Each structure stands twice: as C-alpha cells, then as structure tokens.
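# Remarks on the overall topology
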Amino acid sequence: MSTPNGFPQHLGACVTQSTEGGAVQDLHAKKAGKAAKAAAGSNGVLTFEDPPSVGTSLNETLKLLPDELKANMKIKSVTPRPPRKPRLERAASLDEKSWRRWRRFRTSQESLTDPNETSSSNGSLQEASLSPPVRSRASPCRQCCQEVSLHGSPDALEASPVRKSRGSTSDLGKRASEISSAFGGLLRGKAFAGGKPRLSQIMPARPLPPVELNVASHTLRTANRIDSDCMDYRHYSQHKFGRVSSSLSDTRLHGNGMVYDNCSTDSMKSTFSLLTPIRSKDVRSRSYLEGSLLASGALLGAEELSRYFPDRNIGIFVATWNMQGQKELPVNLDDFLLPTDADYAQDMYVIGVQEGCPDRREWEIRLQETLGPHYVMLYSAAHGVLYMSVFIRRDLIWFCSEVEYATVTTRIVSQIKTKGALGICFTFFGTSFLFITSHFTSGDSKVNERKLDYNKTIQALTLPKNVPDTNPYRSSSSDVTTRFDEVFWFGDFNFRLNKDRETVDSILNQNPETDVSKLLAYDQLTSEMSRGSIFKGFQEADINFRPSYKFDIGKDSYDTTSKQRTPSYTDRVVYRSRYRDDIHAVKYSSCPVIKTSDHRPVFALFRVKVRPGRDNIPLAAGQFDRELYLIGIKRRITRELQKRQEQKDQKSSSVCSVS
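My aim in this report is to walk through the structure given alongside it, one point at a time. Predicted model only: the values in this text are computed from it and were never measured.

We now examine the overall build of the chain. Within the chain, the secondary structure is distributed over 18 helices and 11 strands. Restricting the contact set of the chain to residue pairs at least 6 apart, pairs at least 24 apart contribute 72%. Accessible surface computed for the chain: about 36,000 Å², of which carbon and sulfur atoms make up 51%.

To continue, consider the packing of aromatic side chains. Using the criterion set out here, one finds 30 aromatic pairs in the structure. Ring geometry for Tyr 379 and Tyr 405: centres 6.1 Å apart, planes at 45°, overall tilted. With a gap of 26 residues between them, Tyr 379 in strand 3 (residues 375–383) and Tyr 405 in strand 5 (residues 404–409) connect regions that are remote in the sequence. Classification of Tyr 379 by relative accessible area gives partly exposed; the value is 24%.

Our next topic: the sheet that holds strand 2 (residues 348–354). The 6 strands lie next to each other as 3-4-2-1-11-10, forming an open sheet whose pairing is mixed. The open sheet has two edge strands, strand 3 and strand 10 (583–590), and neither has a second partner. Strand-to-strand, the axes of this sheet are offset by a mean angle of 15°, without reference to chain direction. Pairing of strand 3 with strand 4 (residues 386–393), which is carried by 8 bridges, proceeds in the antiparallel orientation. Each residue of the ladder has a partner; that of Met 377, found in strand 4, is Phe 391.

Taking 1.5 Å per residue as the helical rise, helix 14 (residues 447–460) with its 14 residues ought to reach 20 Å, and the 20 Å between its terminal C-alpha atoms agrees with that figure. Within the sequence span of helix 14, burial applies to Val 447, Arg 450, Lys 451, Asp 453, Tyr 454, Thr 457 and Ile 458. Relative to the axis of helix 14, the buried residues are bounded by an arc of 150° and lie together on one face. When the buried face of helix 14 is taken as reference, the exposed residues oriented beyond 90 degrees from it are Asn 448, Leu 452 and Gln 459. Next to the buried residues of helix 14 lie strand 5, strand 6 (420–428), strand 7 (431–439), strand 8 (486–492) and helix 17 (524–531).

Further remarks concern the nonpolar core. Residues Phe 428, Phe 435 and Phe 488 are the most contacted members of the largest nonpolar core, which totals 53 residues. Setting aside residues up to four positions removed in sequence, Phe 428 forms contacts with Phe 309, Ile 314, Ile 392, Leu 396, Phe 399, Cys 400, Phe 433, Val 610 and Arg 611. Within the second largest apolar cluster, 25 residues are counted, among which are Ala 319, Leu 329, Phe 603 and Leu 605.

Conventions we followed
Residues numbered from 1 in each chain as written. Predicted model: local features only at pLDDT ≥ 70, side-chain atom pairs only at ≥ 80, totals over all residues. Heavy atoms only, no water. Helix = DSSP H or I, 4+ residues; strand = E, 2+ residues; numbered from the N terminus. Contact = heavy atoms within 4.5 Å. Areas by Shrake-Rupley, 256 points an atom, 1.4 Å probe, with all protein chains shown as cover. Phe/Tyr/Trp six-rings, centres within 6.5 Å; stacked < 30°, edge-to-face > 60°. Buried < 20%, exposed > 50% of the residue type's maximum accessible area, 1.4 Å probe, protein only. Pairing = 2+ DSSP bridges. Axes fitted to C-alpha atoms, helices over the stretch in contact; angles between N-to-C directions. Expected span 1.5 Å × (residues − 1). Arc of directions from axis to C-beta. Core = buried A, V, L, I, M, F, W, Y, C linked by side-chain atoms within 4.5 Å.

Any link to function would need more than the numbers given here.
Laid out in structure tokens, this is it:
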C-alpha cells in the first residue's frame, strides 16, 4: 500500500517513528534518496519484493519517480505513543513460513524458470553476490527493512541487543544506513531479473532433534533379523520405493553410517509391521510343502535359524530332583528354575523327577506358574513315579518336530515302576535331542547293578520312532545315545562315595565352601566313567557343590538318624554329542534352599549349537498344553494380587511411634 505521494506507507512509518534527532533523520533520508535516484538510472524504476509472509507475487514492483522519491524521504514529526502490549498468541515467524514453503516446493518439484508465473515460496531468490543479511530484532519499526530486502536466510531473524535510548542520534543514523544499503542491494538485483533464479541455502529455524546411534529395542531380541536373500533391500527400496524424504529410512541410516545394528534397521523394513518384508518373486519361487537344507525360505533352514539364533546357540536348563514322594511342594521354585546368578532365562527347560509327588499335574502347574507366560510345556511324560517335563519358549514351538517318548523298567518285577528310565526325544531345527531321566539301583556297594541298569536302558529305549535320524551313518542299533546329535542324561544314579561317614564329614568341615576335590577322589561314578564301563562318550561338568544326598528334611544337616548314611553325589547330569564342542557347560550346581526332600535338586545350564534342518520331518505344528498354560498364568496373577494385598494390609496396619 502506498501513500498519496506514491511512497510505501510502511517505509514512511519506519522513517518517522522517532521524534528526536530530526535533523539527522532528514540528512540521512536525503542521502538515501539521492543514492536511490542515482542507482535507479534513467528510467527511475525501483523494484521491491513483498515480504514472504504476504501472499503476493515475488516480483511485484512499485514504480516511483525520482522527484517523488526525494519528496517522500522527508522526515515527519509525530506524537510519541506508548509501546504496544505484547501479543499473547504465537504467530508463525518468517523463517518458519519459509521453511514450510521450501518443503512444499521440494515435494511439488515446480519450475522456477519464470519468476512471474511461479509464486514466491520463501523469498529466497537472490543473486549470489548480495550483501550479507542484516541481523536485527523483528520489531514493527525494523520489520519493513527485512521485508524490502531479499534475504532468505533465517540468520536475519536473530535478535541483537536493543539499546535503551531508541531515539538516539547514532541509532537513527544506523537505521538510515540500513535503509540505504537495502535500497542499494535491491537496485543491484536488477541484473538478476533476466537470469536463471536459484534457491539460496535454507536452514531450519532451530536445530533438528538428534537421532540416537542405537534405536534397537532390547525386547526385540531376534524377531527382526532380515533374510539373507533380502540383504539387498537397501538398494532395492531406494530404486523401487524411493523413500528419500524419511528421516529414519534405512538408506540414510546406512549411507550416513549412523546405525550398524541389524535389529535396529531391520525393524524398519516394513511400513505396516516389524516382520521382514517378503518380495513377490521370493514367494513365487518358494515351496513350503517340502523344503531342503539349502532351500530359500525353508521353515527349518539356515535363514530362519540365523534369524532367531544368529550365533546358532541355544540355552538349555536341565535339572533332576528326587522328591522322595513328598506331597508337600516347595512354596517357591524361583531359586530352582531361575537362579539369581544367571542374567537371562534359558530357551528350553527340561526337568526330571524321581519318586515324584502323588499329584503330577499340580507339579506341572507349579512349573508353568514359575516360568510364566513366555514358556509353554511342549511335552510331558511319566513312568510310574518318574516324571519329565519339557518347557520351551512359546515363539520356538514352530521349529520342533513331533515329540516321542519311551520307557524302560529295570526292576525284576516290571509292574513296580520305581526304578527305570524315561526318554523323550525331538528335533529342533536340524538338531536331534534326547533327554533321559533315570533312577538306578540304590545301595553303597551295588555298582555292578547300576551298570546293568545303564546297559539295559541304552539297549531297550526304542527311539526315535517316526522322526528320522539326522545322521544314520553314525548310529548304532545297540545304543540309543548314538542315534541323536545331543544327549542329556540326568537323574538319581545312586553312585556313592567309597569312604566312611567320619572321613567325609571331616573333609566337608575342612572345606565348608566349594572345594570338594578331595571328596570326588572317592566318587564311584567318576571312577567308573574314567574306566569307560558306564556312560561311554559322556562328559560331566566340574562339580563345585556339596553332596546332594542325604539331608534331614527341612534342615541343612546330613543324615542324623541311626543309619548315618554317607553324603554322596547321587544326583547327576551328564551329556554327550556327535560333534565335538557342540555342548558347552555354563553352570553346574545344586539348589540348597529347597529342603522338602532328603535330596537337593541339581541343575546344569548349557549352551548347545543348533544346525539347520529340512522341512520334510513331521512337525509338532505348534502344539502345547494350553490348559496347563492358562491355569499356570491364572495362578501367577492370583499370587501377585495376593502379595500386593498383603503388602497393603501390612503398610496400613503399621504404627509409627514418635520418640
């Protein structure tokens, strides 16, 4: 908008704001008018650019005659007014509007070759030789100086200190010089009118939030590993999908070297889920009916195995406990199944029981309640009072074959099933497992009978049945343990210490902690295994715990009855593998806090190597004991609610005494 004299109204307001120093204002205004007239040339045309906040065209011009320009540069005196009250609402600043319009410009890809046909997006069209932007506060007086200038950088909005004497002579002189420099820059920009416009460098008003170097979630442990045949997804998505505007796209993350965690970037592969994307051509080429070891996308193949277990090692918990037929179960099984010195829970839990409690179902419910909703019972079997339960993480049940079991009775009278063996086998991916729990003949001197129990077991266990042997060329029909890749044998083997009670007690008193090497020198099982007469090819981890038998029930003292039985390592866990170094023993210990039996539970933690398999084996199809799962979870929730209620009642009933 212009005044009656043709001069821009907002520019006149800028010049006539202050009442002090009128002569100085007149002098500088006349100089500015002369400079503008001389720079205008013969045609006397001045070209202005509207501020970016106004929706006018970029090249809208105002033609001023030289005489009119000089006349309007005169300073007018006005009555001073108090400053306006600050506005409470937040208005978008110039740089914010410029930034948004710049983004719209980039996405629309509009042509800027004709300035008269393209609307101004951010007022950033300028010649490269323009003077640096003037740093000033965006006040009503000096806003006009920014509007007439063609500075597109957000630096022009940075605030500078405002002096208290706004009407001083030096301040007015500085303002007049700024107006003059603005006019000079505008007139020099005439040479730009016929050239090709280009965008100046635009920066955001404030720095963007930093991106963490690792955006992986610890809860997404292995579910987001990408298939090896999709490792070129980064280049494929760049050409096919063109995700170039996403600030967290995998292309930019990999290209800038910001993230190197596979789990971090693979979790962003799909727009709609965290699952790995599957290309149509891969689906066409895959066959889920019968896969092979080298087939792409096989359910039990190498790709799927590497996704869940990148190092191809799983954690297995194996435990044995002679319950002595007690009806009473421990109040808490956490210390038994979830030892505190282990940082992580295991992938598979196998628990064998000898002389189990009368209510086997209650025992399994207690196991499910302790392990919680992350685990399901894959299989459970019994042979008289021999129990075995196999729990596995619920997201791994799809990779298990059908579960098979067999039993052997070592008693002369087969109807009495207190002594014998129970075996459970299945294949996990391409690795076959066999778990055997046994209860051998008791008695200090019956070593030969226990060896006979072992030989009968390896010959009579008819496993596997339907699941094929993973390596039949290394199997033997006379030994069941040779027909599986990984074998774990645990139970009450009843091997004793060949020493009298007094000697054993003196050794235990001398070494109350874990130094039991002197006791193991008298161990029957260690001696027989070294001779090769039993458990051929098996190993046992180092023993660093006290004998697990025989205790007084509910106490930490060994047998104080008239029999005075010698403490012994009757409860053991041994293992063997077809392949060397496939099984690594992590921990081997007992659980002294469970005192409901004359035996202490013994457990071992293993890291076992798993190999890929073929899809032509009979699978368990994700079956598990759902009823047990629901009962165990309900018990777990009820127990937690009762615990909270007890804490609440105890807190409300407590009395504070002030001394």
